[in-house]
Amino acid sequence: MSEDKPIANPQVILREEFDDWAVLFDPDTAHGFALNPVGVLIWKLLDGKHGLGDIVRVVRESCQDVPEDVEGHCREFIDSLVQQGLAGFEMKNA
Amino acid sequence: MLEPGDGDRGRLRVMRTPKSVDIDITDRCNLRCKYCYFFNSPADVKTDLPPEEWLRFFEELKRCAVTEVCLAGGEPFIREDLRDILEGIIRNRMRFSILSNGTLVTEDMARFLASTPRCNYVQVSLDGSGPETHDACRGSGAFEKAVAGLRLLQQHGVNVAVRVTIHRQNVRDLEAIARLLLEDLGLGGFGTNSAGHMGLCQKNTEQVELTAGERELAMRTLLALNKKYGGRISAQAGPLAEGRMWSEMERARRAGLPSLPDRGRLTACGCVFDKIAVRTDGVLVPCNMLSHIELGRINRDRLDDVWQNHPELRKIRERRFLSLERFEFCSGCAYLNYCTGNCPALAYSLLGVVDHPSPDGCLRKYLAEGGRLPEEELHEP
């Protein structure tokens, strides 16, 4: 995945609520997913232009007390978004 | 008790934009139910907007990350362009619900609703187990058409909700209504309320509004039916909700509790913290039952600005800081610290004042008029 650049599902709504927390809402399923401020930061980078390395760098630059294994956390988070249909990867032409 | 200005105002946490929007999509209806809150109210402005206005507004709702639109009126299915409007909602990433009398649902529309995953539910109003009770306030032929509409929606797999409005003509029909809805029609549940003193109900009070004795009968019957049917009857207002809340208040009084959480102030209405409403003419209002309070207009005023900054909206949100002690109406009431003051829209329609407890939901008044609480509820934990 480190080479791929994930894209947020354009049908999914990001509702930014209080204190930089947010909810992702999938209108097709009516399911909501809570995001903490770091999750919101990452979600906004899922534009098909940022790979995992870019995302990890932005998290390191923007957040305090970033753990050593932040890359693993970011990968796990993005994988869970993809598994739930909230994000994906651009289809490349054969 | 908290009062505005004591520093607690700053604790009001309001989302950046509303989560959902209630839209009165049309001023037209094929029925004139005797207790309709819409007609003969400030919501009834005799204007329908063209679809282009709504479609433009939906684009703003998308930008504001609104997740749900509820269409009411008037009768939404009377609009010939309803499908275009629904497609606009879907295109802008939202879900929708429709409040209807059920009589104008067509095969084509039911098929369309079933084809989209975005329909939360269509709520059909059904007030009787047969034409005698349903049509008493809704007009001849309404029952057969409403049931046909409801069955059509069910056949296509559309999620159907039913709301039963309780009034003087159907208060003795509740057992048969529950049997029809939960057994014969196989619904998972249904909601109840009662005809409130708003709109056309104000002209038909004698025929419609429950007396204290009828309210007690409705309360007892619904509580018993809800036990029989395993909690499949719901209510946010009306006799079932009152039966629960008033019993809780009486238990608190008997136990000598100093207060209940979030009580003793005008805390009843939470709607203005996550949704806003729009009249048929595009005027933004706090709630479609408080349509006299004009906050702005769609496609002219920014929704997020109205939502965050309009002083009238802020004032309604700050009702919750108004202690019931300040009202002469509540003076000496033994339930004061257990009470929410009830619906602001009913307070307005009865007294012409929003910032006041609603006399309609007053337990002390109910008891003074001879109403009693179901004894079995008073012993529950």
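Everything numeric in this text was worked out from a predicted model, so none of it was measured. (Residues numbered from 1 in each chain as written. Chains lettered and ligands numbered in written order. Predicted model: local features only at pLDDT ≥ 70, side-chain atom pairs only at ≥ 80, totals over all residues.)

Every contact between the two is made by 10 residues of chain B and, on the other side, 11 residues of chain A. When its residues are assigned to classes, the side of chain B that touches chain A shows 4 nonpolar, 1 polar and 5 charged. (Contact = placed C-beta atoms within 7 Å. Nonpolar A, V, L, I, M, F, W, Y, C, P; charged D, E, K, R; others polar.)

All right, on to the packing of helix α6 (residues 174-184) of chain B against helix α8 (residues 212-228) of chain B then. Residue and element names in this part refer to chain B. Closest axis-to-axis distance for the α6/α8 pair is 10 Å, and the angle between their directions is 30 degrees. For α6 against α8, the interelement crossing comes out right-handed. Contacts from L174, E175 and A178 in α6 reach A218, T221, L222 and L225 in α8. Of the residues that constitute the contact of α6 with α8, the class distribution is 5 nonpolar, 1 polar and 1 charged. (Axes fitted to C-alpha atoms, helices over the stretch in contact; angles between N-to-C directions. Helix = DSSP H or I, 4+ residues; strand = E, 2+ residues; numbered from the N terminus. Left-handed = near helix turned anticlockwise from the far one by under 90°.)

On to the pairing of strand β2 (residues 13-16) of chain A. All names here are of chain A. Pairing of β2 with strand β3 (residues 22-26), which is carried by 4 bridges, proceeds in the antiparallel orientation. Counterpart to L14 in the pairing with β3 is L24. Hairpin connection between β2 and β3: a loop of 5 residues separates the two successive antiparallel strands, and D19 in this loop has a positive phi of roughly 50 degrees. (Pairing = 2+ DSSP bridges.)

Residues and elements named next belong to chain A. Taken together, the 3 strands give an open sheet; going across it, the order is β2-β3-β4, and neighbouring strands pair in antiparallel fashion. The strands lining the two open edges of the sheet, one partner per strand, are β2 and β4 (31-35). Between one strand axis and the next, the sheet turns by 25 degrees as a mean value, whatever way the strands run.

Here the focus is the sheet that holds strand β1 (residues 20-26) of chain B. Strands pair in a sheet through their backbones, by hydrogen bonds, and they do so in one of two ways: parallel or antiparallel. Residue and element names in this part refer to chain B. With mixed pairing, the 10 strands of this open sheet are ordered in space as β7-β6-β5-β4-β3-β2-β1-β8-β9-β10. Each having just a single partner strand, β7 (233-235) and β10 (296-297) make up the two edges of the open sheet. Looking at chain direction, strand β5 (residues 160-166) and strand β6 (residues 190-194) are connected through 4 bridges and run parallel. Bridged to T165 within β6 is N193.

To continue, consider helix α3 (residues 107-115) of chain B. An α-helix turns once every 3.6 residues. As a result, residues three or four positions apart point the same way. Residues and elements named next belong to chain B. Residues M109, A110 and L113 constitute the buried set of α3. With its buried residues spanning 100 degrees around the axis, α3 presents them on a single face. Opposite its buried face, α3 presents the exposed residues E107, D108 and S115, each directed more than 90 degrees away. (Buried ≥ 20, exposed ≤ 12 C-beta atoms within 10 Å, placed from the backbone. Arc of directions from axis to C-beta.)

Right, let's get into the environment of M91(A). All names here are of chain A. Note on placement: M91 falls in the segment after β5 (87-89). Overall, M91 belongs to the exposed group, with 6 C-beta atoms counted inside 10 Å. Once the C-alpha coordinates of M91 and V38 are considered, the two residues, 53 residues apart in sequence, prove to be 27 Å apart.

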